[in-house]
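# Examination of the molecular architecture
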Amino acid sequence: MSQVTTPHTIPRTDPSSGAAPTKNGSTKMVQSLGLFSSTALVIGSMIGSGIFLVDSDIARVTNSPALYLGAWIVTGILTMIAALSYGELAAMMPKAGGQYVYLRESLGPLWGFLYGWTLFVVIQTGTIAAVCVAFGKFLGVFFPSVSTSNWLWHIAHVPPIHIGPMVLGNMDIGVNTANLTGIVIVFLLAFVNVFGVKLGAMIQNVFTSAKALSLAALVILGLTIGRNATAVNSDFGANFSQFWTNAGWHTLHAVQVGVGGPIVMVNLLVVLAVVQVGSLFSSDAWNNITFTAGEVKNPKRNIPLSLVLGTGFVITVYILASLVYIMVLPMHGDPHGATVLARGVQYATEDRVATAALDQIFSFGGAKLMAAAILISTFGCANGLTLAGARVYYAMSRDGLFFKSVGKLNPKYHTPVAGLVVQAIWTAVLCVSGSYGQLLDYIIFAVLVFYILTIIGLFVLRFKWPAAPRPYRAFGYPVLPALYIVMASWICIVLLRYKPQYTWPGLVLVLLGIPVYFLWSRRAPRVQES
């Protein structure tokens, strides 16, 4: 079992300790990411497919312009609090592995392993799968044969399984042209990232710049020439009375329990928690920069700065983009509408609300222009996720808690090749296991559980290591981190009840990591201090 260390010593497993390469593979990563590149990685990992797709579902479930925007504001508050809290941990422990290391040092090796295990089986691979499947969905704008309904190999339909008021299963498994496209992208990016973090970062910088400019252009166009009188009157008319429709404390909202499950009526606090699946997914992956800490220059300064700058930029743009959608298109729409205006935000074709908005602004070629920008966005996002995820499995392997080969770096490119390969293989499996929306349910619950545990670890380390150097201290401690724990815990409880299809299986996969940990740790070498 790996020995827990204090931040005053550097374990031999830490790639930043300067260990020399061995004949079995390099053990040292190269610090080549500056502030711009690390901030670009934060932004690039966050901006993927979500902001272009999830607004339709949020609009349908909330059925209120105020709650629709409120969902994004709640997400913004949660994300910024978490990023500010992680900044302290990142500055204390600037090591490859990020959140895995923070949990290992604060709550113990078991919790660190459970995070790394869940990152591999659920979080990172599931997110890459969802983003790459979304790439296929938007490629369908140019090639209609690329579609989630165009099956090449329909393996099975999992029948609905009724457990009390919940319905599990009821999903299709197989290969369609959209997820096949996603699988191709998965392996392409794994291959590209074999050739070093500099190449991966260069691709990330280019694609991040392109998609940030695309989103900014969408916001500017929507707030200026794109505003539509019909949409504005529908969503904000009659002295904003339309804006507050269905947003009262006593208003009940219809929510379906699982796919094909019963419809239940819930209050405002529950419906805002339910729709966090989409908005939180869109805003997630900001923590990926901590995974690559071993390759960041001056990580004690640059990682906290990149977290704050990157998340602040993305959250601001997301809220503005969501506002633009309901200024260009009516939020309420007809699922059988003949035009993008008639379908509205709620029933944009294939939930591609961003392409619908630009199609409304520029009726000739607008949808294709936006789809091209989104393809760039999803490709860049998947690249950032691919680059970062393998670094966690590397850190776990160096602690003896993952496949031994994953803890070796390519001697020429200093990259965790084995980690990239196993990550790609499992991601491809997830690509065929469900739809885009189902993958989101699968990811977000597990993500929130470990964010909560990591922020609890922040409190633990304040008591455990009171004198440890803290180049940056979490803003608003202890009030804001405590607020995050309360809000995120409420969302987890709600998702277990109303989104059971993947949240319960996700929880089971987390718990399966416990026997795996004890099996692996029994044969893990004890970490020696350098």
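Residues numbered from 1 in each chain as written. Predicted model: local features only at pLDDT ≥ 70, side-chain atom pairs only at ≥ 80, totals over all residues. Heavy atoms only, no water.

### Details of the overall build of the protein chain
As a reminder, the rule being used: The numbering of helices and of strands both runs from the N terminus, where a helix is a DSSP run of H or I of at least 4 residues and a strand a run of E of at least 2. When a residue's accessible area, from a 1.4 Å probe over protein chains only, is under 20% of the maximum for its type it is buried; when over 50% it is exposed; and in between it is partly exposed. Whether two residues touch is decided by their heavy atoms; if any such pair falls within 4.5 Å, the residues are in contact. The Shrake-Rupley method, run with a 1.4 Å probe sphere, supplies the accessible areas, and residue values consider only the shown protein chains as cover.
Helix and strand counts for the protein chain stand at 19 helices and four strands. When the 530 residues of the protein chain are sorted by exposure, 61% land in the buried category. Sequence separation of at least 24 residues holds for 79% of the intrachain contacts in the protein chain that already meet a minimum separation of 6. When the accessible surface of the protein chain is split by element, carbon and sulfur atoms take 69% of a total near 19,400 Å².

### Brief notes about the nonpolar core
Rules: Here, the term nonpolar core denotes a set of buried Ala, Val, Leu, Ile, Met, Phe, Trp, Tyr and Cys residues that are joined through side-chain atoms within 4.5 Å.
Judged by nonpolar contacts, the single largest core of 156 residues is most densely connected at F52, L215, W286, Y325 and Y484. In terms of residue count, the dominant contributor to this core is helix α5 (residues 109–139) (19 residues). Residue contacts for Y325: discarding those within four places in its chain leaves I51, F52, D55, Y68, L218, V345, V353, A354 and A357.

### Description of the environment of G44
With respect to the helices, strands and loops of the structure, G44 is situated in helix α1 (residues 35–46). On the accessibility criterion, G44 (0% relative accessible area) is buried.

### A few points about the side chain of T454
Among the secondary structure elements, T454 is positioned in helix α17 (residues 436–464). When near neighbours in sequence (up to four residues on either side) are disregarded, T454 contacts Y86, L89, Q99, Y102 and L103.

### Description of the environment of P109
With respect to the secondary-structure elements, P109 resides in helix α5. Here P109 falls in the buried class, since its relative accessible area comes to 13%. Distance in space between the C-alpha atoms of P109 and L401 is 9.5 Å, their sequence separation being 292 residues.

### Side note on the pattern of salt bridges
Just so we agree on the cut-off: A pair is scored as a salt bridge if a Lys or Arg side-chain nitrogen falls within 4 Å of a carboxyl oxygen belonging to Asp or Glu.
For the coordinates displayed, the defined rule picks out six salt bridges. The residue R60 makes a salt bridge to D351 at a minimum N-O spacing of 2.9 Å. With a gap of 291 residues between them, R60 in helix α2 (residues 50–62) and D351 in the loop between α13 (340–343) and α14 (353–361) connect regions that are remote in the sequence. Here R104 makes a salt bridge to D399, at a shortest N to O gap of 2.4 Å. Here R104, found in helix α4 (residues 99–106), pairs with D399, found in the loop between α15 (366–398) and α16 (417–431); they are 295 residues apart in sequence, far enough to count as distant. Taken together, the shared-partner salt bridges connect D57, R60 and D351 into one network.

### As for the confidence of the model for the protein chain
Just so we agree on the cut-off: Confidence of the predictor in every single residue is expressed as pLDDT, which spans 0 to 100.
Looking at the protein chain, pLDDT values average 80 and 84% of them are 70 or higher. The low-confidence segment residues 1–27 (pLDDT under 50) makes 69 contacts with residues lying over four places distant or belonging to another chain. Contacts of residues 526–530 to residues separated by more than four positions or lying in other chains number 17 contacts, the stretch itself having pLDDT below 50.

### Re a nonpolar patch on the surface
Our working definition: Patch definition: residues above 30% relative accessible area lacking any salt bridge, with like charges linked at up to 9 Å and the nonpolar side chains Val, Leu, Ile, Met, Phe, Trp and Tyr linked at up to 5 Å.
Where nonpolar side chains cluster on the molecular surface, the patch consists of L152, W153, I155, L180 and V184 and spans about 500 Å² of accessible area. Among the secondary structure elements, those contributing two or more residues to the nonpolar patch are β1 (151–163) and α6 (177–193). With three residues, the top contributor of residues to the nonpolar patch is β1.

### Digging into unusual backbone geometry
The residue after Y477, namely P478, is reached through a cis peptide bond having omega 0°. Summarising the element assignment, P478 is placed in the loop between α17 and α18 (479–498). A positive phi angle, close to 70°, is found at F240, a residue other than glycine. Inspection of the secondary structure assignment puts F240 in helix α8 (residues 229–240).

### Topic: α8
Spelled out, the test is: The span one expects for a helix is its residue count, reduced by one, times 1.5 Å. Polar contacts here mean pairs of N or O atoms no more than 3.5 Å apart (in protein, one a potential hydrogen donor and the other a potential acceptor; neighbouring residues in sequence count only if both atoms are side-chain atoms).
Taking 1.5 Å per residue as the helical rise, α8 with its 12 residues ought to reach 16 Å, whereas the 14 Å between its terminal C-alpha atoms falls clearly short. All of the buried residues in α8 are A231, D235, F236 and G237. Next to the buried residues of α8 lie α3 (65–92) and α12 (299–328). For α8, the capping residue at the N-terminal end is N228, with a side-chain oxygen 2.9 Å from the backbone nitrogen of T230.

### Points about the packing of aromatic side chains
To be explicit about the condition: Here is the rule: rings of Phe, Tyr and Trp (six-membered ring for Trp) pair when centre to centre is within 6.5 Å. Planes less than 30 degrees apart are stacked, more than 60 are edge-to-face, and the remainder are tilted.
For the structure on display, the rule yields 19 aromatic pairs. Plain terms: the ring middles of F120 and Y393 are 5.4 Å apart, the flat faces sit at 85° to each other, and that makes the pair edge-to-face. Within this pair, whereas F120 is found in helix α5, its partner Y393 is found in helix α15, the two being separated by 273 residues in sequence. With a relative accessible area of 0%, Y393 lands in the buried category.

### Topic: α5
Look at α5: 43 Å from first C-alpha to last across 31 residues, which is about the 45 Å you get at 1.5 Å a residue. Most of α5 is tucked away, with 29 of its 31 residues classed as buried.

### Here we look at the packing of α5 against α16
The cut-off we apply is this: What counts as an axis is a line fitted to C-alpha atoms, over the stretch in contact for a helix, and the angles between N-to-C directions run from 0 to 180 degrees. Two helices cross in a left-handed way if the nearer one is turned anticlockwise from the farther one by less than a right angle. They cross in a right-handed way if the turn is clockwise. The nonpolar class holds Ala, Val, Leu, Ile, Met, Phe, Trp, Tyr, Cys and Pro. Asp, Glu, Lys and Arg form the charged class, and all remaining residues, Gly among them, are polar.
With their axes 8 Å apart at the nearest point, α5 and α16 run at an angle of 65° to one another. α16 is crossed by α5, and the crossing has right-handed handedness. The segment α5 lies against α16, with F120, V121, Q124, T125, G126, I128, A129 and V133 engaging V422, Q423, W426, T427, L430 and C431. Partitioned by chemical class, the residues of the contact of α5 with α16 number nine nonpolar, five polar and no charged.

### Concerning the environment of F459
Looking at the secondary structure, you find F459 in helix α17. Along the backbone, F459 and A482 are 23 residues apart, and their C-alpha atoms lie at a distance of 9.2 Å. Leave out the neighbours within four places in its chain, and F459 touches Y477, P478, P481, A482 and I485.

### A short note on the pairing of strand β3 (residues 253–256)
Quick note on the threshold: Note on pairing: DSSP must find at least two bridges between two strands before they are called paired.
The side-chain alternation of β3 yields one buried face, formed by H253 and V255, and one unburied face, formed by A254 and Q256. Taken together, the four bridges between β3 and strand β4 (residues 263–266) define a ladder with antiparallel strand orientation. Paired with H253 across the two strands is V266, which belongs to β4.

### Section: the side chain of Q276
Looking at the secondary structure, you find Q276 in helix α10 (residues 276–282). A polar contact is formed between the side chain of Q276 and the backbone oxygen of A71, at a distance of 3.1 Å. Discounting chain neighbours no more than four positions away, the residues touching Q276 are A71, V74, T75, L78, F281 and I491.

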